[in-house]
Amino acid sequence: MFSISDLIRPELLHFKPYLSARHLSSNGEILLDANENPYDDENLNRYPDPNQIALRHSLSEYVDAPIENIFVGSGSDEIIDLLIRLFCRPGRDEVLIIEPTYGMYRVCAEVNGIKVSSCLLNDEFDIDISSLRSALSRKTKIVFCCSPNNPTGNRLSVTELLEYTKSEGIITVIDEAYLEFSKTDSVSRLRDEYPNLVVLRTLSKAWGLAGIRLGYAVAAPEIVSYLMSIKLPYNVNVLTSNSALEALSNRTNMEKKLSEIISERKRLIGEFNKLAVFEEVYPSEANFILLKSEYSEKIKQTLAENGIIVRDRSADPLLENCLRISVGTPEQNEKLLYVLKGMKL
Ligand SMILES: Cc1ncc(COP(=O)(O)O)c(C=O)c1O
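Nothing here was measured: the structure is a model prediction, and the numbers come from that model.

Draft legend 1. Layout of the site of the ligand. As a matter of local geometry, the ligand sits amid 14 residues, with Ser-76, Asp-175, Thr-202, Ser-204 and Arg-213 nearest to it. Within the side chain of Tyr-178, a nitrogen or oxygen atom sits 2.7 Å from an oxygen atom of the ligand. A distance of 2.6 Å separates an oxygen atom of the ligand from a polar side-chain atom of Ser-204. Notes on the ligand: free accessible area 400 Å², of which the protein chains cover 91%. Examining the composition of the shell around the ligand, we find that 3 residues originate from one element, helix α3 (residues 75-87), more than from any other.

In C-alpha cells form, the structure reads like this:
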C-alpha cells in the first residue's frame, strides 16, 4: 500500500507546526491576541486566515474537489518549493524533470540542495516512459511533469507515468498552469486513484492574475495537511485573497478572455504557417506558441527593435533555434504579424 508518511522527510513526521494567533481563534469580538493594530482604516489591519477557508472553498467549487484536497500558495512557484522541502532530504534525495520544461523545478530543487536528474521528451514532445524509467533512481522522490508543457505547448500522456510512479512510490507533480487553454479535464479527477498525484494550478494564466501571486494544488488530503503544517502561517495575503475571491465569483469574465486568447492563438498559428521564415510552428494547447527558425536570433532582435519582446528557448534541450511567443491582444498580435511580414532576411 502506498503511504505518504513513508515518503515525507522523517523529521517532518512529528514536527510541531507554528500555531499563530489566528490559528487559535479568529472570531472573538475584541481581538487582542496577535499584536495587530486595532485601527482598520483600510480593512487590512488583521492577519489573514492561516487556513484560507473561504479561498480554498471557492477553488474547491471551481475544480470540483473537496476543500481537504486543496492547498493554496503564493503562486504555484511557492508550492513547487514546499513540495521539494516536504519530500526531499538535501544531499540525499533527488527529483526528476522531463526536459525541455518549466525552469523553476530545477531552480527550487537546487536552491534546496536537491540533485536534479532529467530525461528528454521524445520527438513528438511526449513522455518516453522507458527513458524516464532509466533516469529514475532509488533516490527519486518527485517527478515533475508539466502538461500542457511549457515551452512546447502540447499536453503530455501522463497515465502510464502515474501508474508507474504509483507502483514505485514516487510523488508525481502534474503542473497544469495552462490547463484552461486546452479545454480538457484536469488530471486532478484521478486523485483518488493516484494518491501520489499532486496537480498544480494557478490564477496567473487563464485568470489573468499573475500579479496577485495565487497558485493552488489539488492532492490527497494527507499531502495537503503536511503542506499546511510547513507553510508560512500567512503565505497568502488579504489583498491577494480578496482579488482571487472576486475573480472566482465571476467565471464568465475569465471565460470571455480565455476564448479570445484561444481564437487569437488559432489565428496566429495560421498566420505563422504562411511565413516561410518558420520551419516549424508547433501546435499549442497553451497561451503561447513555439516556433523554429534558423533566423530565430534575427527575428528576436527585429521584434525587440520594434518594442516586441519574445522568449528565446534555443538553449533548452531539443529546442535549437526556437522562440516562444505568448498570445497577446488582437492589436498586439496584429503588430507582431506586421513586423514579421515586413522582415528582410
Ligand atoms: C508551467 C508553469 N508552472 C508554474 C508557473 C508559475 O506560476 P505561478 O505564477 O502560479 O507561480 C509558470 C509560469 O510561467 C509555468 O509556466
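Draft legend 2. Spatial organisation of the nonpolar core. Core analysis: the largest hydrophobic core is formed by 55 residues, its most contacted members being Leu-59, Leu-132, Leu-203 and Leu-214. At 4 residues, helix α2 (residues 53-63) tops the list of elements feeding residues into this core. If we ignore the near neighbours within four places in the chain, the residues touching Leu-132 are Leu-96, Ile-98, Cys-119, Ile-127 and Leu-161. Counting residues in each nonpolar core, the second largest holds 37 residues, with Phe-2, Phe-71, Val-116 and Val-173 among its members.

Draft legend 3. How the structure looks around the packing of helix α10 (residues 296-305) against helix α11 (residues 330-341). As a packed pair, α10 and α11 sit with axes 10 Å apart at the nearest point and diverge in direction by 125 degrees. When the axes of α10 and α11 are compared, the pair comes out oblique. Relative to α11, α10 is oriented so that their crossing is right-handed. Between α10 and α11, the residues in contact are Ile-299, Thr-302 and Leu-303 and Leu-336, Val-339 and Leu-340, respectively. For the contact of α10 with α11, a count of residues per class yields 5 nonpolar, 1 polar and no charged.

Draft legend 4. Geometry of the environment of Asp-6. You can see Asp-6 is positioned in the segment before α1 (21-24). A C-alpha to C-alpha distance of 9.0 Å links Asp-6 and Gly-169, two positions 163 residues apart in sequence.

Draft legend 5. Broad picture of α10. Ser-296, Ile-299, Thr-302 and Leu-303 are the residues of α10 that are buried. End-on view of α10: buried residues confined to an arc of 130 degrees, all on one side of the axis. Just past α10, the residue Gly-307 takes up positive phi, approximately 80 degrees.

Draft legend 6. Structural view of the pattern of salt bridges. Tallying each qualifying case throughout the model produces 19 salt bridges. Glu-36 serves as the salt-bridge partner of Arg-22, at 2.8 Å between the closest nitrogen and oxygen. Highlighted residues: Arg-22 in helix α1 and Glu-36 in the loop between α1 and α2, separated in sequence by 14 residues. Among the ionic contacts, a cluster of salt bridges with common partners joins Arg-22, Asp-33, Glu-36 and Arg-46.

Draft legend 7. Inspection of the sheet that holds strand β2 (residues 94-99) at higher detail. As summarised here, the arrangement of the 7 strands in space is β1-β7-β6-β5-β4-β2-β3, forming an open sheet in which the pairing is mixed. Strands at the two margins of the open sheet, each flanked by one partner only, are β1 (70-73) and β3 (115-120). Direction aside, the axes of adjacent strands within the sheet are offset by 25 degrees on average.

Draft legend 8. Main features of the sheet that holds strand β11 (residues 322-326). Spatial strand order, β8-β9-β11-β10: 4 strands in an open sheet with antiparallel pairing. Since the sheet does not close on itself, it has two edges, and those belong to β8 (280-281) and β10 (311-312), each with one partner. This element, helix α9 (residues 251-274), spans β8, β9 (288-292) and β11 of the sheet and lies at about 10 degrees to β9.

Draft legend 9. Representation of the packing of aromatic side chains within the structure. The tally for this structure, following the rule as stated, stands at 7 aromatic pairs. When the ring of Tyr-47 is compared with that of Tyr-234, the centres are 4.6 Å apart and the planes differ by 15 degrees; the resulting orientation is stacked. In this pair, Tyr-47 sits in the loop between α1 and α2 while Tyr-234 sits in the loop between α7 (221-230) and α8 (238-248), placing the two residues 187 residues apart along the sequence. A residue is classified by how much of its surface remains accessible, and Tyr-234, at 25% relative accessible area, is partly exposed. The interplanar angle of 45 degrees and the centroid separation of 5.2 Å between the aromatic rings of Phe-125 and Tyr-282 together place this pair among those described as tilted. Note that Phe-125 is positioned in the loop between β3 and α5 (129-135) and Tyr-282 in the loop between β8 and β9, a separation of 157 residues in sequence. Tyr-282 matches Phe-125 in its accessibility class, with the two residues each being buried. Three or more aromatic residues link up through ring pairs in this structure, and these residues are Tyr-102, Tyr-105 and Phe-144.

Cut-off values and rules
- Residues numbered from 1 in each chain as written.
- Predicted model: local features only at pLDDT ≥ 70, side-chain atom pairs only at ≥ 80, totals over all residues.
- Heavy atoms only, no water.
- Near = heavy atom within 4 Å.
- Polar contact = N/O pair within 3.5 Å; in protein donor to acceptor, adjacent residues only side chain to side chain.
- Areas by Shrake-Rupley, 256 points an atom, 1.4 Å probe, with all protein chains shown as cover.
- Helix = DSSP H or I, 4+ residues; strand = E, 2+ residues; numbered from the N terminus.
- Core = buried A, V, L, I, M, F, W, Y, C linked by side-chain atoms within 4.5 Å.
- Buried < 20%, exposed > 50% of the residue type's maximum accessible area, 1.4 Å probe, protein only.
- Contact = heavy atoms within 4.5 Å.
- Axes fitted to C-alpha atoms, helices over the stretch in contact; angles between N-to-C directions.
- Parallel < 35°, antiparallel > 145°, perpendicular 65-115°, else oblique.
- Left-handed = near helix turned anticlockwise from the far one by under 90°.
- Nonpolar A, V, L, I, M, F, W, Y, C, P; charged D, E, K, R; others polar.
- Arc of directions from axis to C-beta.
- Salt bridge = Lys/Arg side-chain N within 4 Å of Asp/Glu carboxyl O.
- Pairing = 2+ DSSP bridges.
- Phe/Tyr/Trp six-rings, centres within 6.5 Å; stacked < 30°, edge-to-face > 60°.

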